[in-house]
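Observations on chain architecture
So the chains spell out like this:
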Protein chains: 2
Amino acid sequence: MTAVGQGKGGRAGARRATLATVADLAGYHVSTVSRVLNGTTVPGARSASSAAAERIRQVAREVGYVPNAQAAALRRQRTGMVGVIMARMTDTVAATIYEGVERAAAEHGYQTLVMNSWDDDETRARCVDLLMAHGVDALIHGDALADGSSLQVLERSGLPFVLVNRGAGAYPSVTADDRGGGRQAAEHLLALGHREVGVLAGLPYAGNAIERTRGFCETFAEAGHPVRPDRVVPTTFDSAGGRTGADRLLRAGDGPTALFAVSDAAAIGALGSLRDQGLHPGRDVSVVGFNDMPIAGDLTVPLTTVRSPMREIGERSVALLLAVMEGEPGEVVRFPTELVVRETTGPAPGLTRGR
Amino acid sequence: MTAVGQGKGGRAGARRATLATVADLAGYHVSTVSRVLNGTTVPGARSASSAAAERIRQVAREVGYVPNAQAAALRRQRTGMVGVIMARMTDTVAATIYEGVERAAAEHGYQTLVMNSWDDDETRARCVDLLMAHGVDALIHGDALADGSSLQVLERSGLPFVLVNRGAGAYPSVTADDRGGGRQAAEHLLALGHREVGVLAGLPYAGNAIERTRGFCETFAEAGHPVRPDRVVPTTFDSAGGRTGADRLLRAGDGPTALFAVSDAAAIGALGSLRDQGLHPGRDVSVVGFNDMPIAGDLTVPLTTVRSPMREIGERSVALLLAVMEGEPGEVVRFPTELVVRETTGPAPGLTRGR
DNA sequence: TTGTAGGCGTTATCAC
DNA sequence: GTGATAACGCCTACAA
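Just so it is clear, the structure is predicted and the values come from calculations on it, not from any experiment.

Some words on the protein's contact with DNA strand D
Surrounding DNA strand D, one finds 23 residues, the nearest of these being Leu19(A), Tyr65(A), Arg75(A), His29(B) and Thr32(B). A share of 64% of the atoms of DNA strand D within 4 Å of the protein falls on sugar and phosphate groups. Side-chain polar atom of Arg35(B) to a base nitrogen of DNA strand D: 2.9 Å apart, as the coordinates give it. Contacts to DNA strand D include Arg75(B), whose backbone N or O atom sits 3.3 Å from a base oxygen. At the level of elements, helix 2 (30-38) and helix 4 (69-76) of chain A together with helix 2 (30-38) and helix 4 (69-76) of chain B are the ones that each hand at least two residues to the surface near DNA strand D. Among the residues forming the surface near DNA strand D, the class breakdown is seven nonpolar, ten polar and six charged.

Structure (structure tokens):
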């Protein structure tokens, strides 16, 4: 319980050193100092290495000069910040994509200003306003509504933006090939002989969830085994959602023999539900997840899932954003997915199962 | 591949509306507009509801006026932003704490500016500089080195700050009672008869990992069964680290009968290792994690773990930070933990096990 | 190479 | 209640 932290008394310590401070101490003029510190010497190559420049840099270091990005931004009309909106960081998928975004942005000299929308419409809108207020140069939106309704304001504002993870219409976006991934999951289960299946379908307004579900269901339909509508249940993407959804699907008398969850976390929740009901994954009921998050392969019964390159998706979204900022046309980018067969899927049990 | 996104041609659209724009259109002076929009009318109660004020607000809405936070910050000498440094967002613990921080900060009118340090010293330092450059009013540091070496610069700068998750010395911090949590894990395993145990000890320079390991080891020592030093292996906090560490501990001829992992993710990695070696968690080898992340209870063999209130820790860190910003003395806050017994722990197998 | 001047959009402090 | 004015810290023409 010891007190430390900063000087005991009043608020923050001494005022930050400014360019003027450095200029005074170094005996040069502010403009000169600014030029030296920014390396803004027109064409003259190594002229910046003159004694003067060295002295100025020395002083700056001594007084702990940190440029005031606010002021610079005001003057330059750009902040070097990219806004990022995500539903929530505890979603591993969002976090991984965000890591990709952060890295790629940093590589190009941009900072990221992240906000969580909690999948709430009002908050979503407030995020955009706040990010604009903070002067972000562009926006990466990981939380779009599938109908694009949240994007019209943005579009009107003229702020360059790109969607990630959840696409919407023809807006520029970077996602997994969600529909194709859904198909892969379906083909796998069909090949194993499953005919009665259920879908933990994610949030009904999220483009990725919709596409994954669509790809899955259309494949079953094409094979002549359409998925019963009451077996497609909306869920959240987290494990709690998957558990609740699976409870509902499995407790019905004529439960399905396999479940497709549009996220790994939901799939793990479904595993919890199976366990509670004394069912063994891969033998009694098969489960397929989506994304292949790192722990998927470490589970005691490793999870069969559809892998999507989350970090790459994040990185690519930055590349696309930079292109859009340059005035290039946006595009819709979809990364192919890959089915990873592990042990939560197995042959469909005999038709006699479960009454 | 359709192109959309923003106007086809040049960069961002029309320049943002400023106070001046609004003032012009409304026929008032900039200062007046500013006052109205900020609700800055001295004591006169509802005078702001005059027709003039209404008109101004109307115009502002029409032109889509968004205040320029950069400029306001420059003038007011405060940005309303709190910097947050975390190792990485894909660590569920960090993400959950961050969610708590974000929420609490928003409640008090602060935005958060997050940066990932990747547990890299150089990056850590750069984060601080960048956050200062962006003018954060204070800092929450989730990535401190246990010896506090990364904090001296910060302290000297006079920027108010608080540590979260990983404490360091007497610097103000909010963490779980890591040492106590380690003890709880140890007592549980001791009661089950385990004598030969191993520790997946986390990063050797992270305060939380150190304390958890310490609490665990000292309890075994006090019970007369000191943990063999070569059975305390440093790991990362993620599942890959846990897997590698467990591989090492279990492949040794005389493997331990139980493992304590300082994070749930590492514990899950250990479960993966067990599985590969045909060992059953809770029967052949017991495993205890730390944090009780949401999926812990949904695993096919649910994880015994030490619960810590991650979100609360994040929220509290904001409260503490606000206090420090007011000049109050910082304190070291530790939240009690709770042992959650599930199924990865069981009685120690007969002494004959494993040669 | 170095100095000068003006302004980015706000807000705070005057005077009216 | 409203209008004028001066910064906040930085950058960039332009002039010397």
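Comments concerning the protein's contact with DNA strand C
What surrounds DNA strand C is a group of 24 residues, the closest being His29(A), Ser31(A), Arg75(A), Leu19(B) and Arg75(B). A share of 64% of the atoms of DNA strand C within 4 Å of the protein falls on sugar and phosphate groups. Residue Ser34(B) places a side-chain N or O atom 3.1 Å away from a phosphate oxygen belonging to DNA strand C. Separating a phosphate oxygen of DNA strand C from a side-chain N or O atom of Arg76(B) is a distance of 3.5 Å. The set of elements that each furnish at least two residues to the surface near DNA strand C consists of helix 2 and helix 4 of chain A together with helix 2 and helix 4 of chain B. If one sorts the elements of the surface near DNA strand C by residue count, helix 2 of chain B sits on top with five residues.

Some words on the interface of chain B and chain A
Counting residues at the interface gives 79 residues for chain B and 80 residues for chain A. Across the chain B to chain A interface the summed buried area is about 6,900 Å²; carbon plus sulfur atoms make up 55%. Summed over the three residues of chain B that lose the most area to chain A, namely Gln70(B), Asp298(B) and Thr300(B), the buried surface amounts to 10% of that side. Linking chain B with chain A are four salt bridges, by the criterion used here. The salt bridge involving Arg243(B) is made with Asp298(A); its shortest N-O contact spans 2.5 Å. At the boundary of chain B with chain A, the tally comes to 20 residue pairs in polar contact (both at pLDDT 80 or more). Mapped by element, the contributors of at least two residues to the side of chain B that touches chain A are helix 4, helix 5 (92-107), strand 2 (111-116), helix 6 (121-133), helix 10 (239-251), helix 11 (264-276) and helix 12 (310-325) of chain B. Take the side of chain B that touches chain A: its biggest share by element is seven residues, from helix 5 of chain B. Among the residues making up the side of chain B that touches chain A, the classes are represented as 38 nonpolar, 25 polar and 16 charged.

Notes on the pairing of strand 1 (residues 81-86) of chain B
All names here are of chain B. Among the six residues of strand 1, six are classified as buried, and the element is accordingly described as predominantly covered. Side chains Met81, Gly83 and Ile85 of strand 1 all project onto a buried face; the interleaved residues Val82, Val84 and Met86 project onto the opposite face, where all are buried too. Bridge count for strand 1 against strand 2 is six bridges, and the pairing is parallel. Bridging across to strand 2, Val82 finds its partner in Thr112. Tracing the backbone out of strand 1, into helix 5 and back to the parallel element strand 2 gives a crossover that is right-handed. With four bridges joining them, strand 1 and strand 3 (residues 138-141) adopt parallel strand pairing.

Describing the relation of the copies chain B and chain A
Least-squares fitting of chain B to chain A yields an RMSD of 0.1 Å, with the superposition described by an axial translation of 0.1 Å and a rotation of 180°. Given the turn and translation reported, the copies of this chain are related as if by a two-fold rotation axis. Of the residues that chain B buries at the interface, 100% are likewise interface residues in chain A, meaning the two copies contact each other through the same surface.

Description of the packing of aromatic side chains
What characterises a pair of aromatic rings is the spacing of the ring centres plus the angle enclosed by the ring planes. This model, assessed by the stated rule, comprises eight aromatic pairs over all chains. Considering the side-chain rings of Phe216(A) and Phe260(A), the 4.7 Å spacing of their centres and the 15° angle between planes classify their relative orientation as stacked. Of this pair, Phe216(A) sits in helix 9 (residues 207-222) while Phe260(A) sits in strand 8 (residues 258-261), and the two are 44 residues apart along the sequence. Grouping residues by exposure puts Phe216(A) and Phe260(A) together as buried. The ring of Trp118(B) carries Arg103(A) above its face, with NZ or CZ at 4.0 Å from the centroid. The ring of Phe290(B) carries Arg212(B) above its face, with NZ or CZ at 3.9 Å from the centroid.

Focus on the packing of helix 1 (residues 19-26) of chain B against helix 2 of chain B
All names here are of chain B. Contact geometry of helix 1 with helix 2 gives a least axis separation of 9 Å together with a crossing angle of 105°. Taken together, the axes of helix 1 and helix 2 lie roughly perpendicular to each other. Here Leu19, Ala20, Val22 and Ala23 of helix 1 lie close against helix 2, whose contacting residues are Val30, Val33, Ser34 and Leu37. Considering only residue class, the contact of helix 1 with helix 2 consists of seven nonpolar, one polar and no charged.

A short note on the pattern of salt bridges
All names here are of chain A. Following the criterion strictly, the structure yields 52 salt bridges over all chains and no others. Notably, a salt bridge pairs Asp230 with Arg228, separated by 2.9 Å at the nearest N-O pair. A residue is classified by how much of its surface remains accessible, and Arg228, at 32% relative accessible area, is partly exposed. The shortest N-O distance in the salt bridge between Arg283 and Asp284 comes to 3.6 Å. Given the relative accessible area of 53%, Arg283 is considered exposed. Judged by its relative accessible area of 17%, Asp284 falls in the buried class. Here the salt bridges do not stand alone but share partners, grouping Arg88, Asp119, Asp121, Arg124, Asp143 and Arg166 into one network.

So, the domain arrangement of chain A
Taken domain by domain, chain A holds domain 1 (7-65) and domain 2 (178-309). Taking only C-alpha atoms into account, the centre of domain 1 of chain A sits 59 Å from that of domain 2 of chain A.

Remarks on unusual backbone geometry
Its identity is not glycine, yet Asp119(A) carries a phi of approximately 55°, on the positive side. As for its position among the elements, Asp119(A) is in the loop between strand 2 (111-116) and helix 6 (121-133). Even without glycine at this site, Trp118(B) takes up a positive phi of about 55°.

Let's talk about the environment of Ala266(A)
Position of Ala266(A) among the secondary structure elements: in helix 11 (residues 264-276). Distance from Ala266(A) to Gly241(A), taken between C-alpha atoms, is 6.0 Å for residues 25 residues apart in sequence.

Conventions and cut-offs
Residues numbered from 1 in each chain as written. Chains lettered and ligands numbered in written order. Predicted model: local features only at pLDDT ≥ 70, side-chain atom pairs only at ≥ 80, totals over all residues. Heavy atoms only, no water. Near = heavy atom within 4 Å. Polar contact = N/O pair within 3.5 Å; in protein donor to acceptor, adjacent residues only side chain to side chain. Helix = DSSP H or I, 4+ residues; strand = E, 2+ residues; numbered from the N terminus. Nonpolar A, V, L, I, M, F, W, Y, C, P; charged D, E, K, R; others polar. Contact = heavy atoms within 4.5 Å. Buried area = accessible area lost by both parts, 1.4 Å probe. Salt bridge = Lys/Arg side-chain N within 4 Å of Asp/Glu carboxyl O. Buried < 20%, exposed > 50% of the residue type's maximum accessible area, 1.4 Å probe, protein only. Pairing = 2+ DSSP bridges. Right-handed = clockwise from strand over helix to strand, strands pointing away. Least-squares fit on C-alpha atoms with pLDDT ≥ 70 in both. Phe/Tyr/Trp six-rings, centres within 6.5 Å; stacked < 30°, edge-to-face > 60°. Lys NZ or Arg CZ within 6 Å of the ring centre and 35° of its normal. Axes fitted to C-alpha atoms, helices over the stretch in contact; angles between N-to-C directions. Parallel < 35°, antiparallel > 145°, perpendicular 65-115°, else oblique. Domains from an automatic or database assignment.

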